[in-house]
Amino acid sequence: MPFIRISVAGNAPTYEQVNELQQKTTQLMADILGKRPEVTVVTVEHSPAIHWSIHGQGLSKNQMLAQMEAFITAGTNSEQEKSDFISAANQMLCAVFNTTMSPLYVVIVEVAGADWGYDGKTQAFRRLSSDLL
């Protein structure tokens, strides 16, 4: 049950870029982290370049930068899987926008199964229920 937030600063992504980000991110979550696509949610948010800074300096008018946060249930992936995902997500973001961005942060946030869920059930409840079957 991953939730991914992609934040983009600078030029607004096109409809095609947003669609590509959503599809490719969902696929990376499935292929690398083993997450189910049918419950993977991806949101792409945009803000003007002036709202972001590097080293205390606002981005230039034509500069673009992105950041990704991927929320997953704690303990469901190995260190290697998470490292592979971060590398692949970085490459994917640069490819979709056809530019090298730096610093480009990809953050995996591990949330305890009892602290989140969807459709009114926590991930811990879902895991316990599947273990009982």
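In case you missed it, the structure is sitting above this.
So, here's what we can say about the structure. (Residues numbered from 1 in each chain as written. Predicted model: local features only at pLDDT ≥ 70, side-chain atom pairs only at ≥ 80, totals over all residues. Heavy atoms only, no water.)

Moving on, we come to the pairing of strand E2 (residues 41-47). Looking at chain direction, strand E1 (residues 3-9) and E2 are connected through seven bridges and run parallel. Within E2, the residue paired with Phe3 across the bridge is Val41. Viewed along the sheet, the connection from E1 through helix H1 (residues 15-33) into E2 turns out right-handed. (Pairing = 2+ DSSP bridges. Helix = DSSP H or I, 4+ residues; strand = E, 2+ residues; numbered from the N terminus. Right-handed = clockwise from strand over helix to strand, strands pointing away.)

Given a rise of 1.5 Å per residue, 19 residues ought to cover 27 Å, and the 26 Å separating the end C-alpha atoms of H1 matches this to within 8%. What H1 keeps buried is the set Gln17, Leu21, Thr25, Thr26, Leu28, Met29 and Leu33. Summarising the axial view, the buried residues of H1 lie within an arc of 160 degrees, below the 170-degree limit, and thus occupy one face. Opposite its buried face, H1 presents the exposed residues Tyr15, Glu16, Gln23 and Asp31, each directed more than 90 degrees away. Along its buried surface, H1 packs onto E1, E2, strand E5 (65-73) and helix H2 (79-97). (Expected span 1.5 Å × (residues − 1). Buried < 20%, exposed > 50% of the residue type's maximum accessible area, 1.4 Å probe, protein only. Arc of directions from axis to C-beta. Contact = heavy atoms within 4.5 Å.)

Turning our attention to the environment of Ala70. Topologically, Ala70 is positioned in strand E5. Ala70 gets classed as buried once you look at its relative accessible area, which sits at 0%. Along the sequence, Ala70 and Asn90 sit 20 residues apart, while their C-alpha atoms lie 12 Å from each other. If we skip the residues at most four places from it in the chain, Ala70 touches Phe3, Ile4, Phe85, Val107, Ile108 and Val109.

Time to look at the packing of aromatic side chains. Under the definition given, this model contains one aromatic pair. Ring geometry for Phe3 against Phe71: centres 6.3 Å apart, planes inclined by 50 degrees, an arrangement best described as tilted. Of this pair, Phe3 sits in strand E1 while Phe71 sits in strand E5, placing them 68 residues apart in sequence. Assessed through its relative accessible area of 29%, Phe3 is described here as partly exposed. Its end group placed over the ring of Tyr118, Arg126 keeps NZ or CZ at 3.7 Å from the ring centre. (Phe/Tyr/Trp six-rings, centres within 6.5 Å; stacked < 30°, edge-to-face > 60°. Lys NZ or Arg CZ within 6 Å of the ring centre and 35° of its normal.)

Remember, this is a structural readout, not a statement about activity or role.
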